[in-house]
Amino acid sequence: MPAALPETATWPTPELAAMLGPDAPAFADYQPDEPWRLAATGIPRELFYAHDWVDPDR
């Protein structure tokens, strides 16, 4: 069973938003490239978004 996500007032959180690359789409518009990844892995879309769009230099 996947772990529960922490309660947040907004997503992405201000901390995460500060780390996103300038070309990151709005979370509402984001869909993983392979929609099956969500169902097959049990990893929430929020984690794929962070992984795909965080700029490692930030």
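Reference entry: report on the structure contained in this document. A quick note: this is a predicted structure, and the numbers were derived from the prediction, not measured.

Comments concerning the overall build of the protein chain
- In terms of helices and strands, the protein chain carries three helices and zero strands.
- When its helices and strands are written in sequence order, the protein chain yields α-α-α.
- For the protein chain, with 58 residues in total, the buried portion stands at 21%.
- Of the contacts formed within the protein chain by residues at least 6 apart in sequence, a portion of 52% connects residues at least 24 apart.

So, the environment of Pro25
- For Pro25, the location among the structural elements is in the loop between helix 1 (14-19) and helix 2 (36-41).
- In sequence terms Pro25 and Tyr49 are 24 residues apart; their C-alpha atoms lie 9.2 Å from each other.
- In this view, Pro25 contacts Tyr30, Tyr49 and Trp53; residues no more than four positions away in its chain are not counted.

Rules used in this analysis
- Residues numbered from 1 in each chain as written.
- Predicted model: local features only at pLDDT ≥ 70, side-chain atom pairs only at ≥ 80, totals over all residues.
- Heavy atoms only, no water.
- Helix = DSSP H or I, 4+ residues; strand = E, 2+ residues; numbered from the N terminus.
- Buried < 20%, exposed > 50% of the residue type's maximum accessible area, 1.4 Å probe, protein only.
- Contact = heavy atoms within 4.5 Å.

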